[in-house]
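Chain by chain, the residues:
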Amino acid sequence: MMHDETLDSAFQQAMVASALYAVGQPPQPIGLHQLGEAAAAPGLLWVGLKDPTPDLLHAIGAQLRLPERALEEIITLHRRPKIIEYDGLTLLVAITVEVTEERPSFGDTQMLIGPGYLLTIRRHAQGTHQMLRSLLAESPEFLGRGGDFVASALLDLLVDRYVQALGHMEARVESLEHQFLLRGFQEKDIRHLYRLRRDLLRIQTAISPLVEICRRLARVETRNIDSDSRVYFGEVADRIQRVIEGFAGLREALVFAFEASMMISQMQQTDITRKLAAWAAILAVPTAVAGIYGMNFHDMPELSWAYGYPAMLLGTGSACGWLYWKFRQIKWL
């Protein structure tokens, strides 16, 4: 008795919603120990959980008569999208992406499509499925399409959040490019650019397998996906592909910005090198003259000439001025 009370308490804590949707009737709340009967009743049983415990999942598995392999999979936290088919069941795993405090956070949403029911499990994800539940309650014609259609609608909802994440990351990339145009890249900006590009790669790697999964569900005949629902999975696959291309485009923009900063830095270094070389050539003239007169030879005719010193200064200054003018012409100074 105490164990049942503990499970009921855990079910209430982890349960987002547990309802039986039937045509012509309002959603009927379903408790933990009524899941088996509700799954066999007319309509669609949708059980939504958030961060459930393994004991609770075992109890739900007993009610829905889930195979042991399916239980092991839904208890495990997944890092990559995947699809597994069992006898009469299809497990679909999607990775959630949410941008918080300018960094992406990842979670997973598992959808177990069974005969007459849909079990969804969210872990480390803040976004809810309430909008879809409201649509399901207000549109009875959706109920006849089964849990596979609701799963496709859930995937479409996840793609909407991918688009939101893409918008956040695009704003960050544009801000970084704006800083580059205003003042160039500093050392801390290079670190920021690298971290941002790595975040984009993590997002792209996390969601890209979902394209092939949705296309498989759209093209390959399976026992748990109705033919009328396959077209929706195909549309979801196309949307995810466009989002992935958007993330890839942002990565390319960052690569271009980094290469542009390197080119500008090299040009600045080349310009500095030219200026130093030009000034070194100009200063070499008085250095050479001073070296000649510093040798202290006895027979130097200009030493006894009254205008020798002014003539030497004038000649040295003229040579330096001519070199400065030439370097200015070729834009080295």
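Let me begin by describing the structure that accompanies this report. Treat the numbers as computed from the prediction; the structure is a model and nothing was measured.

To continue, consider the nonpolar core. Residues Leu155, Ile207 and Phe247 are the most contacted members of the largest nonpolar core, which totals 50 residues. At the level of secondary structure, the elements contributing two or more residues to this core comprise strand S1 (15–21), strand S3 (44–50), strand S5 (89–100), strand S6 (103–114), helix H6 (147–183), helix H7 (187–207), helix H8 (209–219) and helix H9 (227–293). Here this core takes 13 residues from H6, the largest share from any one element. In this structure phenylalanine 247 touches Tyr162, Ala165, Leu166, Met169, Leu200, Ile203, Gln204 and Ile207, once residues within four positions along its chain are discounted. Counting residues in hydrophobic clusters, the runner-up holds 28 residues, among them Leu20, Leu64, Leu66 and Leu119.

Sheet architecture is open: seven strands sit in the order S2-S1-S3-S7-S6-S5-S4, paired in mixed fashion. Across the chains shown, the open sheet's two edge strands, defined by having one partner strand only, are strand S2 (28–29) and strand S4 (82–86). Strand direction decides the pairing type here: S3 and strand S7 (residues 117–123), joined by six bridges, are parallel. Pairing of leucine 45 across the sheet is with tyrosine 117, part of S7. With respect to the sheet, helix H3 (residues 54–64) is in contact with S3 and S7, its orientation differing from that of S7 by roughly 170°. In this fold helix H4 (residues 68–75) packs onto S4, S5, S6 and S7, with an angle of close to 160° to the strand it touches most, S4.

Before going further, it helps to examine the pattern of salt bridges. Throughout the structure, instances matching the rule amount to seven salt bridges. In this structure, lysine 50 and aspartate 51 form a salt bridge, with 3.1 Å as the shortest nitrogen-oxygen distance. Taking relative accessible area as the criterion, lysine 50 reaches 27% and is therefore assigned partly exposed. In this structure, the salt-bridge partner of lysine 82 is glutamate 73, at a minimum N-O distance of 3.4 Å. In the salt-bridge network here, residues are joined through shared partners; they are Arg103, Asp199 and Arg202.

Reading the values: the criteria
- Residues numbered from 1 in each chain as written.
- Predicted model: local features only at pLDDT ≥ 70, side-chain atom pairs only at ≥ 80, totals over all residues.
- Heavy atoms only, no water.
- Core = buried A, V, L, I, M, F, W, Y, C linked by side-chain atoms within 4.5 Å.
- Buried < 20%, exposed > 50% of the residue type's maximum accessible area, 1.4 Å probe, protein only.
- Helix = DSSP H or I, 4+ residues; strand = E, 2+ residues; numbered from the N terminus.
- Contact = heavy atoms within 4.5 Å.
- Pairing = 2+ DSSP bridges.
- Axes fitted to C-alpha atoms, helices over the stretch in contact; angles between N-to-C directions.
- Salt bridge = Lys/Arg side-chain N within 4 Å of Asp/Glu carboxyl O.

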